[in-house]
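Summary of structural features
Below are the chains, spelled out letter by letter.
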Number of protein chains: 4
Amino acid sequence: MMVQTQAAHENRGLVEVLTQTEIRKKPPVNLVSRQIHPENTVVEVEGVLFGGPQFAVIAGPCAVESRDQLLATAQAVKSSGAAVLRGGAYKPRTSPYSFQGLGAEGLDLLTLAKEEIGLPIITEVMDGTELDLVEAHTDIIQIGARNVQNFSLLRQVGRSRKPVLLKRGLMTTLDEFLMSAEYILAAGNPNVILCERGIRTFETATRNTLDLSAVPILKERTHLPLVVDPSHAVGDCRYVCPLARAAMAVGADGLMVEVHISPETALCDGQQSLSPAVFQTLMDDLRLMAGLFHRVL
Amino acid sequence: MMVQTQAAHENRGLVEVLTQTEIRKKPPVNLVSRQIHPENTVVEVEGVLFGGPQFAVIAGPCAVESRDQLLATAQAVKSSGAAVLRGGAYKPRTSPYSFQGLGAEGLDLLTLAKEEIGLPIITEVMDGTELDLVEAHTDIIQIGARNVQNFSLLRQVGRSRKPVLLKRGLMTTLDEFLMSAEYILAAGNPNVILCERGIRTFETATRNTLDLSAVPILKERTHLPLVVDPSHAVGDCRYVCPLARAAMAVGADGLMVEVHISPETALCDGQQSLSPAVFQTLMDDLRLMAGLFHRVL
Amino acid sequence: MMVQTQAAHENRGLVEVLTQTEIRKKPPVNLVSRQIHPENTVVEVEGVLFGGPQFAVIAGPCAVESRDQLLATAQAVKSSGAAVLRGGAYKPRTSPYSFQGLGAEGLDLLTLAKEEIGLPIITEVMDGTELDLVEAHTDIIQIGARNVQNFSLLRQVGRSRKPVLLKRGLMTTLDEFLMSAEYILAAGNPNVILCERGIRTFETATRNTLDLSAVPILKERTHLPLVVDPSHAVGDCRYVCPLARAAMAVGADGLMVEVHISPETALCDGQQSLSPAVFQTLMDDLRLMAGLFHRVL
Amino acid sequence: MMVQTQAAHENRGLVEVLTQTEIRKKPPVNLVSRQIHPENTVVEVEGVLFGGPQFAVIAGPCAVESRDQLLATAQAVKSSGAAVLRGGAYKPRTSPYSFQGLGAEGLDLLTLAKEEIGLPIITEVMDGTELDLVEAHTDIIQIGARNVQNFSLLRQVGRSRKPVLLKRGLMTTLDEFLMSAEYILAAGNPNVILCERGIRTFETATRNTLDLSAVPILKERTHLPLVVDPSHAVGDCRYVCPLARAAMAVGADGLMVEVHISPETALCDGQQSLSPAVFQTLMDDLRLMAGLFHRVL
């Protein structure tokens, strides 16, 4: 911490005189920067390694809906080779009248799934008041795209000892994204996994535009591991698999993919969820590709 | 509240089956909608009326920096005719090393300014844990652009009895913006003022692109009052005054403008702050225009 | 021309070493620049003056459809105070199966309308091979948004003696827009009128996002006159009038507005066309505002 | 042609009543559509096949600069396995003072390179008046991004017997892109190769944002072959190779890559050009990948 505080102090003079426009253009030198930390940061989660040779696949339903839905999906993604189970208990939804997640009950189901199936868990925290509870049930804390510049929450998870997966916002430049990660590192938590999940553009054929250029650029600028979420980007399961393969080819350290035991009945984002059978095919493809890219699944 | 819950319940079926793409396209019928509330909502703040004939101007520094800076600026904007004093105590900043605001000390200075100068206060809340404190010192609670989809915070200010000014996000569609306001209304707080402050586009000549088309469209779709913040949109004081005049001409209910007693020494956003002399000229122009647009300042 | 060639030559060294990214950020000093031509350029078209105190309103149908439609619309807009008649004979359409305009027959009808009604004419040229014909029938040559970087066409109209109205493209930065105007000036035609008509953004509530910030910025950077086209920007006649008033308030030199004698039967863009009665109301409003903004209609 | 005209006629009624907003949302059924032409169109160019199992790589300098530069680059890309030589004789440049290409002299050099090195040629046409000349010297006619909605030029190349490579514009939705291809097919030329080359977004870390999601979506909607140009998208040679590999993984039919014998002295876009050595490495990587994706180089 002492070294970090020192680095932060030294940067302060420089950064404070920059306007926001300048910050958008100029990659600042900070704790996230490869310039001061040339080797990859490898984040370890119950034996899964993000940022090393492993190509770590996070899979599971958008939202935890029920014991049966979660356990069946967890069993399916584990048997196909997923390394981490995802599932939302607190769901950020555009409308207050959409399904908002099961909350604490969802967290209990995730803990149950971990015990029964044996995969580490990632779930989203939306608010600092829920952080202690979420932290007690999850192995990775997810910060969603809409909270990428919720600086209070970033500082709070920066004081956690659990790894954090930080999603890029719909409108976040790469430099802003790295500055949001910097909030977490500056607060003392070095275990941050970045996640590219699509940006908002004029194009309406996809839910968002997956920005795969972000992968080589971020890998050059920062030592933090980086995964790609093609499900939220394209919003349509037909296009998820080719983009997942492209994510490996472009150099990502892993994937975050939505899988649902029964996509057509999902309470949330069913259109973009893979069925277990399609997920199995994707994992087979990635396993075939992995050797070429010096990766192991 | 009972009627609102009923309305919410009736909408639920419809809204839950919509995908996000559909929500982006289809204006939902909700508490914010003019279809169920045809007359303007008028939000009253210590005698200032948002949404009626008054053209209410909120002015003040980006950040509260010191007693002298705040009082001098407050005196200046009051004498030019501003109706509400703005000033940030908690500042959302892209970098953790930028000035983050004076916090509680800034809130005390705002209370002092209110007592000494006599203008009602607006200041931003960034986190639910600070809400009680902020609420005790402010007359209007501001939700910043980066928190427009911080749904936990929206629900929390929805339970406050203080009016809320909700800023549009940098990449929020008008329908998403209204749905965020709906969170506040659905939680029980009907006193919401919307604020258009520019969206993020490809154009780099301005900090953001002020979307004045949003004004007639929002005024048609919702009964809530709407003000325009040209300062954050263009990010350059030279262009603030013409856009402020355009905001009145296009039908906004008021303005939010950054004024600093000494823009060149401001700790935050000095480039976009008006000097008191320029603000005086702007208010003179708006007073000349007001009659034509059936407004009073 | 010699001085221009000299200036062009001197700039060449500087500009050639800039990457496109740099050009997007740095306003180059060129023939269009106020730095080398501080006074406003006033473009004269049959007694109508663009760039001086006159607020010049161009109005008429999107497309010339028939003798009756054109003459009736022309008569209506003239009696309301329009200064120039617009009407498309060659129409750029996304689909090859949409109505493409009447072509040469449309040009003849425009000439007829000028003779019968007495307004100068503006119509679009889409291709260099049609330029002689269009030039013979029009008083202002319009370059459409999709041709803003059709550099061959820009050079060709740069050799014409007729004034050119150049529309900003859907994704043209202000610096690129000025560089497109520079092509015309560098080819020898100093009479260019710029037209802001909305840019493409993520927002789907409007056809495009009208960028009124462009007005004060362009008026500062260039000496060329600038009009605003709210019809193509918002794509919905309900929002055209408030934005037209805002265009005067923000400092534009005039307007370009679509008016159709019978919007509901228009072959092209009927949804965004004003009826003659609504246009009359708009012109009345603008006349009331004009004095305040030191303008005459 | 008769069948095409018939199809066009039948679609007319449907398409004409759509507003542009609707066209942006609704994939129209047309000559480009897989619904009426389920098998892939394979475009043959001197034995190179676009749209079949071959992964066809187009490579060469941004602009033809000199005999030596072109021949040396051509020799290098051929020996690495490129299938087609690219080189611009007419260059669309934002500024009139930037290098505009060698014109007719450049075309002669391309013909020389074809004779000496033996690769088919692709070069851009910017204007209908140059079409006969360009057509006589090239094997594939390129339509650049800025001309994607230059409908006159699309119709003109639609009457050519040479294949056309159509680049997506910076602001073109996928549906608009397909409608531009439809102009060419409707005019009688079925040999169109689509090219995704990045769209303009808010992100400034790259020149444009490469939209690889476009690949599976376009391959689903149309039978036309599709290549990816990562050079213009990212604008930085360091990121071209990973994105080129991703393009194969996502399902593109080939690539278009800028290679320069001496990138640091290039007159145009040197920053984004690969050196011959880096291009050789890229081709080696693609050859290793090809089997997995059922491709041959």
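A brief structural summary. (Residues numbered from 1 in each chain as written. Chains lettered and ligands numbered in written order. Predicted model: local features only at pLDDT ≥ 70, side-chain atom pairs only at ≥ 80, totals over all residues. Heavy atoms only, no water.)

Tallying secondary structure elements over chain A gives eleven helices and ten strands in all. In summary, chain A has a C-alpha radius of gyration of 18 Å against a globular reference of 19 Å for 297 residues, a match within 12%. Oriented by its inertia axes, the alpha-carbon framework of chain A measures out at about 55 × 45 × 40 Å. By the burial criterion, 68% of the 297 residues in chain A qualify as buried. Across chain A, contacts joining residues at least 24 apart in sequence account for 69% of those joining residues at least 6 apart. For chain A, the accessible surface area stands at approximately 9,300 Å², while carbon and sulfur atoms represent 54% of it. Of the charged side chains in chain A, 27 are positive and 33 negative, and the gap between their average positions amounts to 4 Å. (Helix = DSSP H or I, 4+ residues; strand = E, 2+ residues; numbered from the N terminus. Rg over C-alpha atoms; globule rule 2.2 N^0.38 Å. Buried < 20%, exposed > 50% of the residue type's maximum accessible area, 1.4 Å probe, protein only. Contact = heavy atoms within 4.5 Å. Areas by Shrake-Rupley, 256 points an atom, 1.4 Å probe, with all protein chains shown as cover. Lys, Arg positive; Asp, Glu negative; His and termini not counted. Charge placed at Lys NZ, Arg CZ, Asp CG, Glu CD.)

All names here are of chain A. Spatial strand order, β3-β4-β5-β6-β7-β8-β9-β10: eight strands in a closed barrel with parallel pairing. In this sheet, neighbouring strand axes are inclined to one another by 25° on average, regardless of whether the strands run parallel or antiparallel. In terms of strand pairing, strand β3 (residues 56–60) meets strand β4 (residues 84–86) through two bridges, oriented parallel. Bridge assignment links isoleucine 58 to a residue of β4, and that residue is valine 84. (Pairing = 2+ DSSP bridges. Axes fitted to C-alpha atoms, helices over the stretch in contact; angles between N-to-C directions.)

Moving on, we get to unusual backbone geometry. Backbone geometry places Asp269(A), a non-glycine residue, at a positive phi of 60°. Examined against the element boundaries, Asp269(A) turns out to sit in the loop between β10 (254–258) and α11 (276–290). Although it is not a glycine, His294(C) adopts a positive phi angle of roughly 55°. Checked against the element boundaries, His294(C) lands in the segment after α11 (276–290).

Attention now moves to the sheet that holds strand β8 (residues 192–196) of chain D. Hydrogen bonds between backbone atoms are what pair the strands of a sheet, whose relative direction is either parallel or antiparallel. Residue and element names in this part refer to chain D. Spatial strand order, β3-β4-β5-β6-β7-β8-β9-β10: eight strands in a closed barrel with parallel pairing. Averaged over all adjacent pairs, the angle separating strand axes in this sheet is 25°, with direction ignored. Two elements, strand β9 (residues 226–228) and strand β10 (residues 254–258), share two bridges in a ladder whose sense is parallel. Residue pairing across strands places valine 228 opposite leucine 255, the latter belonging to β10.

This part takes up the relation of the copies chain B and chain D. When chain B is fitted to chain D, the best match, at an RMSD of 0.0 Å, comes from turning it 180° and sliding it 0.0 Å along the axis. The operation mapping one copy onto its partner corresponds to a two-fold rotation axis. Among all residues of chain B, the minimum C-alpha distance to the rotation axis is found for Phe202(B), at 2.2 Å. (Least-squares fit on C-alpha atoms with pLDDT ≥ 70 in both.)

Turning our eyes to something else, we now look at helix α8 (residues 214–221) of chain C. Within α8(C), six of the eight residues are buried, which leaves it mostly tucked inside the rest of the structure. The complete set of buried residues in α8(C) reads Ala214(C), Val215(C), Pro216(C), Ile217(C), Leu218(C) and Lys219(C). Buried residues along α8(C) sit in contact with α10 (237–250) of chain B together with α7 (174–186), β8 (192–196), β9 (226–228) and α10 (240–250) of chain C.

Many structure descriptions define interface size as the accessible area lost when the parts assemble. Counting residues at the interface gives six residues for chain B, matched by five residues for chain D. Here chain B and chain D share an interface that buries about 400 Å² over both sides, 83% of which is from carbon and sulfur atoms. Summed over the shared surface of chain B and chain D, the number is zero residue pairs in polar contact (both at pLDDT 80 or more). Its residues assigned to classes, the side of chain B that touches chain D comprises two nonpolar, two polar and two charged. (Buried area = accessible area lost by both parts, 1.4 Å probe. Polar contact = N/O pair within 3.5 Å; in protein donor to acceptor, adjacent residues only side chain to side chain. Nonpolar A, V, L, I, M, F, W, Y, C, P; charged D, E, K, R; others polar.)

We now examine the environment of Gln35(D). Residue and element names in this part refer to chain D. Relative to the helices and strands, glutamine 35 resides in the loop between α2 (20–25) and β1 (43–45). We classify glutamine 35 as exposed; its relative accessible area is 64%. C-alpha separation for the pair glutamine 35 and isoleucine 193, spaced 158 residues apart in sequence, amounts to 18 Å.

In this structure, Leu212(A), Leu212(B), Leu212(C) and Leu212(D) are the most contacted members of the largest nonpolar core, which totals 308 residues. Contact partners of Leu212(D), with chain neighbours within four places excluded, come to Leu212(A), Leu243(A), Val228(D), Leu243(D), Ala246(D), Ala247(D) and Val250(D). (Core = buried A, V, L, I, M, F, W, Y, C linked by side-chain atoms within 4.5 Å.)

Residues and elements named next belong to chain B. Among the five residues of strand β3 (residues 56–60), five are classified as buried, and the element is accordingly described as predominantly covered. Neither face of β3 is left uncovered, since the one carrying Ala56, Ile58 and Gly60 and the one carrying Val57 and Ala59 both have all their residues buried. Here β3 runs beside strand β10 (residues 254–258); their pairing, made up of five bridges, is parallel. What sits directly across from alanine 59, in β10, is valine 257. Traced from β3 through helix α3 (residues 67–80) to strand β4 (residues 84–86), the parallel crossover comes out right-handed. (Right-handed = clockwise from strand over helix to strand, strands pointing away.)

When their charged atoms lie close together, side chains carrying opposite charge are able to pair. All names here are of chain B. Within the structure shown, the criterion is met by 64 salt bridges over all chains. Put simply, aspartate 175 and arginine 221 hold a salt bridge, and the shortest N to O gap is 2.9 Å. Here arginine 221 lies in helix α8 (residues 214–221) and aspartate 175 lies in helix α7 (residues 174–186), a separation of 46 residues in the sequence. The class of aspartate 175 is buried, set by a relative accessible area of 5%. (Salt bridge = Lys/Arg side-chain N within 4 Å of Asp/Glu carboxyl O.)

Turning to the packing of aromatic side chains, a few remarks are in order. All names here are of chain C. Counting across every chain of the model gives four aromatic pairs over all chains. Consider the rings of phenylalanine 151 and tyrosine 183, whose centres lie 4.6 Å apart with planes at 25°: the pair is stacked. With phenylalanine 151 in helix α6 (residues 151–158) and tyrosine 183 in helix α7, this residue pair connects regions lying 32 residues apart in the sequence. Under the relative-accessibility criterion, phenylalanine 151 is labelled buried at 1%. For tyrosine 183, a relative accessible area of 2% translates into the label buried. (Phe/Tyr/Trp six-rings, centres within 6.5 Å; stacked < 30°, edge-to-face > 60°.)

All right, on to the environment of Gln271(B) then. All names here are of chain B. Position of glutamine 271 among the secondary structure elements: in the loop between β10 and α11 (276–290). Given the relative accessible area of 48%, glutamine 271 is considered partly exposed. Glutamine 271 sits 40 residues away from serine 231 along the chain, and the two C-alpha atoms are 9.4 Å apart.

A word on the packing of helix α3 (residues 67–80) of chain A against α11(A). Residue and element names in this part refer to chain A. The N-to-C vectors of α3 and α11 enclose an angle of 20°; their axes lie 9 Å apart at closest approach. Between α3 and α11, the interaxial angle falls into the category roughly parallel. Every pair of crossing elements has a handedness; the one defined by α3 and α11 is right-handed. Taking contact as the criterion, the partners of Ala76, Val77, Ser79 and Ser80 in α3 are, on α11, Pro276, Phe279, Gln280, Met283 and Arg287. Among the residues forming the contact of α3 with α11, the class breakdown is five nonpolar, three polar and one charged. (Parallel < 35°, antiparallel > 145°, perpendicular 65-115°, else oblique. Left-handed = near helix turned anticlockwise from the far one by under 90°.)

Another aspect to go through is the pairing of strand β7 (residues 164–167) of chain D. Residue and element names in this part refer to chain D. Here β7 shows a buried face lined by Val164 and Leu166 and a second buried face lined by Leu165 and Lys167. The sheet contact formed by strand β6 (residues 140–143) and β7 spans three bridges and is parallel. Looking at the pairing, glutamine 142 lines up with leucine 165 of β7. Handedness of the β-α-β unit built from β6, helix α6 (residues 151–158) and β7 comes out right-handed.

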